[in-house]
Amino acid sequence: MEKYLDIIANSYSGYWNYLKSEILSYGYWDNYFYGLIIISLAVWMLEIAFPWRENQGIFRKDFWLDTFYMFFNFFLLNLIVFIALSNTVAEIFDDLLGLVGISLDNFKLIEVNALPKPLGLFVFFIVADFVQWNTHRLLHRVPWLWNFHKVHHSVKEMGFAAHLRYHWMEPVVYKSILYIPLAIIGGFEAQDVAFVHFFNITIGHLNHANLGWDYGKLKYIFNNPKMHIWHHAKELPKHARYGVNYGLTLSIWDYIFKTNYIPENGRDIELGFYGDETFPKDFVSQEIYPIKFKEKDEN
């Protein structure tokens, strides 16, 4: 038990020092704090210059709530709970495997660090995106997970910051499911995957932005605003009651597994989910909503 308490304490102190370093060391290219700010401002300027929904204000509905979510989920959530929790759970999981004589090293199919850096990062990116696509499907299909995911789907006007409006439980689910696949292929240090991370953030911001883009033929590879708007549509086709267009960065999984759905220009469709009229509007109430809410049949 003392070992796990030490991990929790070291996680808090280590991340707090890291966060201070990120804020103070603004000159480094792999700085996540200022990287998020730069990407957000750039995509916001694109929204202002090329608005798709012209009746939507620059400071759209819930703009400041989503901005708070963006920084809370990207930085403060890690400080409050996630880093300590994930490090402790990972250690407990490794210890449980050790009790039966198993090591994650025994499961490694490939060591991406041994590959040329561009190829290794590509493998890391593809594996992570596919696992997260499947996890996203689970968030829609499993009722108690959907209650957490409703926070993200409560967005009524899309903008770049809506990308990071999500309940704190979501990264716990994503990282837990992603842990073993990434352990099987090995991994990179945080600074090595900074490019992949910034690329994913940029695509995610663009997906949620007030932009009418689809990237032409590249739409079959990369998720895009015209595709992702239908993921947030309140009215879904009967054959896809759990959702459509689950892609995070890549759209290719939706085309391969036939979960793609773009019937028309989605500029003016209503966003949300059935029952969102009574969904909480403030941050604290949204965070405690899944704990209080008992799933009902919504059909």
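Within each chain, residue numbers correspond to sequence positions counted from 1 in written order. In keeping with the model being predicted, local features are shown solely for residues with a pLDDT of at least 70 and side-chain atom pairs are shown and tallied solely at 80 or more, while totals for entire chains, interfaces and linings include all residues. Values shown for side chains rest on all heavy atoms present in the structure; no hydrogens or waters enter the calculation.

(A) Spotlight on the side chain of Asn207. Strands here mean DSSP runs of E at least two residues long; helices mean DSSP runs of H or I at least four residues long; both are numbered from the N terminus. Mapping Asn207 onto the fold places it in helix α7 (residues 194-208). From its side chain, Asn207 meets the backbone nitrogen of Asn224 in a polar contact 3.2 Å long. Among the polar contacts listed, one links the side chain of Asn207 to the backbone oxygen of Leu248, at a separation of 3.0 Å. Setting aside its immediate chain neighbours within four residues, Asn207 contacts Met158, Asn223, Asn224, Pro225, His228 and Leu248. Counted as a polar contact is a pair of N or O atoms within 3.5 Å, where, for protein atoms, one must be capable of donating a hydrogen and the other of accepting one, and residues adjacent in sequence contribute only when both atoms are in side chains. The contact definition used throughout considers only heavy atoms, calling two residues in contact when any of these lie within 4.5 Å.

(B) Molecular detail of the side chain of Glu170. With respect to the helices and strands, Glu170 occurs in helix α6 (residues 169-185). Although Glu170 lies buried, it forms no salt bridge, and the closest oppositely charged side chain, Arg165, sits 10 Å away as judged by the N-O distance. Under the scheme applied here, a residue whose accessible area is under 20% of the maximum for its type counts as buried, over 50% as exposed, and between as partly exposed, the area being computed with a 1.4 Å probe on protein chains only. For the purpose of charge, His is not counted, nor are the chain termini; Lys and Arg are scored as positive and Asp and Glu as negative. What counts as a salt bridge is simple: a side-chain nitrogen of Lys or Arg found within 4 Å of a carboxyl oxygen of Asp or Glu.

(C) Representation of the nonpolar core in the model. Ranked by internal contacts, the top residues of the largest apolar core, which has 36 residues, are Tyr32, Leu36, Phe74, Phe75 and Phe160. For this core, the secondary-structure elements that each account for two or more residues are α2 (32-49), α3 (63-99), α4 (117-141), α6 and α7. With near-sequence residues (within four places) excluded, Leu36 lies in contact with Met70, Phe71, Phe74, Phe75, Leu164, Ile201 and His205. What is meant by a nonpolar core is a set of buried Ala, Val, Leu, Ile, Met, Phe, Trp, Tyr and Cys residues, joined one to another through side-chain atoms within 4.5 Å. With 10 residues, the next largest nonpolar core counts Tyr69, Phe72, Val151 and Phe273 among its residues.

(D) Seen up close, the packing of aromatic side chains. To pair, rings of Phe, Tyr and Trp, with the six-membered ring standing in for Trp, must have centres within 6.5 Å; the planes then decide the type, stacked if under 30 degrees apart, edge-to-face if over 60, and tilted in the middle. A full pass over the atoms with the stated rule returns 31 aromatic pairs. Taking 6.2 Å as the distance between ring centres and 75° as the angle between the ring planes, the aromatic pair formed by Phe125 and Phe199 counts as edge-to-face. Taken together, the residues Phe125 in helix α4 and Phe199 in helix α7 connect sequence positions 74 residues apart. You can call Phe125 buried: its relative accessible area is 12%. Judged by relative accessible area, which is 28%, Phe199 ranks as partly exposed. Taking 5.0 Å as the distance between ring centres and 65° as the angle between the ring planes, the aromatic pair formed by Tyr220 and Tyr255 counts as edge-to-face. Of this pair, Tyr220 sits in the loop between α7 and α8 (225-231) while Tyr255 sits in helix α9 (residues 252-256), and the two are 35 residues apart along the sequence. Tyr220 sits in the partly exposed class, given a relative accessible area of 40%.

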